[in-house]
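Here are the chains, one letter per residue:
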Amino acid sequence: MLIDHIETFLDLCETRNFNRTADRLGLTQSTVSARISALEKTLEARLFNRSRSGTELTTEGLRFEPHARAMRHGWAEARNATRFAGTRVVSIRIGIQHDLIDRRISDLIANFRAALPDTAFFFEADYSNQMCSDLISGAADLAILFSPRQHPDLHYETIGEIAYRMVTTETDQLVEVTPERYILANFSPAFAHAHAALHPGLAEAPLSIGQNAAIAGMLLSLGGTAYVLKQAADELVSEGKCRFVPDAPPISQTVYAAINMRNRHRNAFRRLIRILRDSFFPAPGRR
């Protein structure tokens, strides 16, 4: 289908490399070349200049790129519109960062449904990079994530901030925490940067995990020290399974709402983003 040619063209716009696009799309290099050639033949225009120094968009390719993005998004919207959503008029697919799936998710879903009662909601836990790709392709409509990926089709808004606390099964002093008994959290690039600035001596820990629940489980099964979500840290400490490392500062993580640029001013998405912002920054008396 032509949409396959459009997808290939847009990926090549990012990679500027036929082999990399083939790897990313799970195709052979010859298939990528054949799709681009077919698209160029259909358009009666050359889209890329190929040389030993690399692959660059032609003037015609630069002009075609925004139209190709619009075509891909339109196709995704048409495909989503024909998917089964029961008796609901509209469906919205929402990606949410793994670590946030337990964070007042029931209340969030209830608020979404109350705001848009004729809408079917499909939630899926995922990681930031994949959610950004899904928004670009139209496979998702809204994402709640940690790590924005800069792209002309994506719009981000800050909706709140969460905190991680260091807890331990072994010591009460940060100076006694060693890399060998430390579980290095890898929640996002922003978290990793803040952690490296605060604790450069723990950056070489041999064990690293990128999911809060997995880290909490490792602490309970193997012991040691790690950063976990504040809510999880409070629970572990209150249950007597861990204790805080009092001289280890909390690390904050910004949370973003992401949508395709085409939906930036649509009323339904503005309402959902307001609900998200209220969820992470609740009004006084709701904390």
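Residues numbered from 1 in each chain as written. Predicted model: local features only at pLDDT ≥ 70, side-chain atom pairs only at ≥ 80, totals over all residues. Heavy atoms only, no water.

A. Summary view of the overall build of the protein chain. Helix and strand counts for the protein chain come out as ten helices and eleven strands. Projecting the C-alpha coordinates of the protein chain onto the three principal axes gives extents of approximately 70 × 50 × 25 Å. For the protein chain, buried positions account for 44% of its 287 residues. For the protein chain, contacts bridging at least 24 residues in sequence account for 71% of all contacts bridging at least 6. Positive and negative charge centroids in the protein chain, built from 33 and 32 side chains respectively, lie 6 Å apart. (Helix = DSSP H or I, 4+ residues; strand = E, 2+ residues; numbered from the N terminus. Buried < 20%, exposed > 50% of the residue type's maximum accessible area, 1.4 Å probe, protein only. Contact = heavy atoms within 4.5 Å. Lys, Arg positive; Asp, Glu negative; His and termini not counted. Charge placed at Lys NZ, Arg CZ, Asp CG, Glu CD.)

B. How the structure looks around the pairing of strand β3 (residues 90-97). The element β3 is extensively covered by neighbouring structure, given that six of its eight residues are classed as buried. Direction of pairing for β3 relative to strand β4 (residues 119-126): parallel, over a ladder of eight bridges. Bridge pairing links Ile-96 to Ala-125 in β4. Sheet topology note: the β3/strand β5 (residues 142-145) ladder contains three bridges and is parallel. When the bridges of β5 are listed, Gly-95 appears paired with Ala-143. (Pairing = 2+ DSSP bridges.)

C. The arrangement of the layout of surface pockets in detail. Here the largest pocket is characterised by a volume of approximately 420 Å³. Contributing to the lining of the largest pocket are 17 residues, with Asp-99, Asn-212, Leu-229, Gln-231 and Ala-232 lying nearest its centre. At the level of elements, β6 (154-168), α8 (212-222) and α9 (230-238) are the ones that each hand at least two residues to the lining of the largest pocket. Examining the composition of the lining of the largest pocket, we find that four residues originate from one element, α9, more than from any other. Grouping the amino acids of the lining of the largest pocket by side-chain chemistry returns seven nonpolar, four polar and six charged. (1 Å grid on protein atoms, 1.4 Å probe; cavity = no way out; pocket = protein on both sides within 12 Å on 5 of 7 lines; lining within 4 Å. Points joined across faces, edges and corners; volume = space filled by probe spheres on them. Nonpolar A, V, L, I, M, F, W, Y, C, P; charged D, E, K, R; others polar.)

D. Region of the structure containing the nonpolar core. Formed by 51 residues in total, the largest nonpolar core has its most connected members in Phe-112, Leu-142, Ile-144 and Ile-215. At six residues, the largest contribution of residues to this core is made by helix α10 (residues 267-280). Within the second largest apolar cluster, 16 residues are counted, among which are Leu-12, Ala-22, Phe-64 and Ala-68. (Core = buried A, V, L, I, M, F, W, Y, C linked by side-chain atoms within 4.5 Å.)

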